[in-house]
Amino acid sequence: MSRLDELDRKLLNRLQDDLLTDHRPFLPLAEELGLDEETLLERVKHLLETGVLTRFGPFFDAAAMGGAFCLCAIAVPPDRFEEVTEIVNAHVEVAHNYERTHQLNMWFVLATQTPDGIGTAADSIERETGLTVYRFPKTQEFFVGFRVVA
Amino acid sequence: MRMDPVDQEIVRALQAGLPLVPAPYAQIAGKLGLTEVELVERLNSMKSSGVIRRIAAAPNHYKLGMTSNGMTVWDIEDSRIAELGGVVGALPFVTHAYERPRALPIWPYNLFAMVHGSSDEEVEEKRAHIAGILGSACRAGDILYSKRILKKTGLRLRNKK
């Protein structure tokens, strides 16, 4: 765990709020924390360089741009786990894939450029593995809790 | 939202992140041959249409000591899902919360809430806290810990240094 001072913690919490689209968007933040803009920006760079932040910028939603995402799961027989992992991971539409503790033990996200792409990719994984691909597209998202409190 | 080629250029220019300079929008606008006002107008309309969720930091959970993550799942009465999902999603330790379809009989759960903590014990405590909030509207629940990352390429990740 990285050592963060009080200021880093405050900054980290505030940086998870939506930044303004003003000419000098960091200025109100700097004033609030009692820093000048330059010091604030140096601190943010430091958090990025040390890996405390993975990124600072817009969060884009591919679905709102016309693409689609779908969470999927497979109940993989334990003796076929490595083979099925290879088949699933070979699909470029698979953005990430986790082994989890459940009868449904493989959970992956399909990300495609069009909504139709989800069904096509899931169907072909079913054909190649002979296993059911359960599909869990989001019905609704509850937005509020995205932040991590440092 | 219909993204025209200029919007797509903007997405491409900002995918890696916002420049950490006092006037970042002016700098990006300059690179794309736009005025700052035009860029900001386009960014604002992407925000209002949901193409941009927010402009903010993505923290690294592991670096913050959040080494345990569990996908908690719940079977909630359909008539209460909107209300209770909102309450669970607002908890400070829940990073994502979704309503998703059930797949009976193997999967009776319709609420998914991702919980992070510094240990499995802490995640269990948080899960118990959620169970308390859901009360009798919840018929069953489970937690799926991640055992192994099998693939992770799709999202905008920085190379590890």
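Because the structure is predicted, anything quoted here is derived from the model rather than measured. (Residues numbered from 1 in each chain as written. Chains lettered and ligands numbered in written order. Predicted model: local features only at pLDDT ≥ 70, side-chain atom pairs only at ≥ 80, totals over all residues. Heavy atoms only, no water.)

Before going further, it helps to examine the overall build of chain B. Regarding its fold elements, chain B presents five helices and five strands. Along the chain direction, N to C, the helices and strands of chain B fall in the order α-α-α-β-β-α-β-β-α-β. Whereas a compact globule of 161 residues would reach a radius of gyration of roughly 15 Å, chain B reaches 20 Å, over 25% beyond that. Its C-alpha atoms give chain B principal-axis dimensions of roughly 55 × 40 × 30 Å. (Helix = DSSP H or I, 4+ residues; strand = E, 2+ residues; numbered from the N terminus. Rg over C-alpha atoms; globule rule 2.2 N^0.38 Å.)

Turning our attention to the interface of chain A and chain B. Taken together, the contact between chain A and chain B spans 74 residues of the former and 79 residues of the latter. Summing both sides of the interface, chain A and chain B together bury roughly 7,000 Å²; the carbon and sulfur share of this comes to 60%. On the chain A side of the interface with chain B, the three residues burying the most area are A:Phe59, A:Phe60 and A:Phe142, jointly 12% of the side's total. The tally of links from chain A across to chain B stands at six salt bridges. Across the pair B:Arg148 and A:Glu82 runs a salt bridge whose closest N-O atoms are separated by 3.2 Å. Between chain A and chain B we count 38 residue pairs in polar contact (both at pLDDT 80 or more) in total. (Contact = heavy atoms within 4.5 Å. Buried area = accessible area lost by both parts, 1.4 Å probe. Salt bridge = Lys/Arg side-chain N within 4 Å of Asp/Glu carboxyl O. Polar contact = N/O pair within 3.5 Å; in protein donor to acceptor, adjacent residues only side chain to side chain.)

For strand β3 (residues 94-100) of chain A and strand β5 (residues 138-152) of chain B, the ladder comprises five bridges, and the chain directions are antiparallel. Its bridge partner being in β5(B), A:Arg100 is matched across the sheet by B:Ser146. Here seven bridges tie strand β2 (residues 68-76) of chain B to β5(B), and the two strands are oriented antiparallel to one another. Residue B:Ile76 lies in a different strand from β5(B), and its bridge partner there is B:Cys138. (Pairing = 2+ DSSP bridges.)

Here the focus is the domain arrangement of chain A. Looking at chain A, the domain boundaries give domain 1 (6-49) and domain 2 (62-136). Once you take the C-alpha centre of each, domain 1 of chain A and domain 2 of chain A turn out to be 39 Å apart. (Domains from an automatic or database assignment.)

So, about the confidence of the model for chain B. As a note on interpretation, predicted positions should not be read in detail where pLDDT is low. Residues and elements named next belong to chain B. Chain-level pLDDT for chain B is 90 on average; 94% of the residues reach the 70-or-more range. The least confident element of chain B is β5, whose mean pLDDT is 90; the most confident is helix α2 (residues 24-32), at 98. Contacts from residues 154-161, a stretch scored under 50 in pLDDT, to residues over four places away or in other chains number 10 contacts. (pLDDT = per-residue confidence, 0-100.)

Its location among the elements puts B:Lys126 in helix α5 (residues 120-134). Excluding anything up to four places from it in sequence, B:Lys126 contacts B:Phe93, B:Val115, B:His116 and B:Gly117.

Domain annotation for chain B reports domain 1 (5-49) and domain 2 (68-145). For domain 1 of chain B and domain 2 of chain B, the distance between their C-alpha centres works out to 37 Å.

All names here are of chain A. Of all seven residues making up strand β4 (residues 106-112), six are buried, and the element is well covered by its neighbours. Note that strand β2 (residues 68-74) and β4 share seven bridges and pair antiparallel. If you follow Cys72 over to β4, its bridge partner there is Phe108. Bridge analysis of β3 against β4 gives five bridges, and the strand direction is antiparallel. Note on β4: the bridge partner recorded for Tyr98 is Trp107. The loop that links β3 with its antiparallel partner β4 comprises five residues. (Buried < 20%, exposed > 50% of the residue type's maximum accessible area, 1.4 Å probe, protein only.)

To continue, consider the environment of B:Ala23. Residues and elements named next belong to chain B. Positionally, Ala23 belongs in the loop between α1 (5-14) and α2. With a relative accessible area of 18%, Ala23 lands in the buried category. With 48 residues separating them in the primary sequence, Ala23 and Met71 have C-alpha atoms 39 Å apart.

Taken together, the nine strands give an open sheet; going across it, the order is β5(A)-β2(A)-β4(A)-β3(A)-β5(B)-β2(B)-β4(B)-β3(B)-β6(A), and neighbouring strands pair in antiparallel fashion. Two strands close off the open sheet at either side, each with one partner strand: β5 (134-136) and β6 (140-141) of chain A. Across the sheet, helix α4 (residues 81-89) of chain A lies against β2, β3 and β4 of chain A together with β5 of chain B, angled at about 75 degrees from β5(B), the strand it touches most. Across the sheet, helix α5 (residues 116-129) of chain A is in contact with β2, β3, β4 and β5 of chain A; its angle to β4(A) comes to roughly 140 degrees. (Axes fitted to C-alpha atoms, helices over the stretch in contact; angles between N-to-C directions.)

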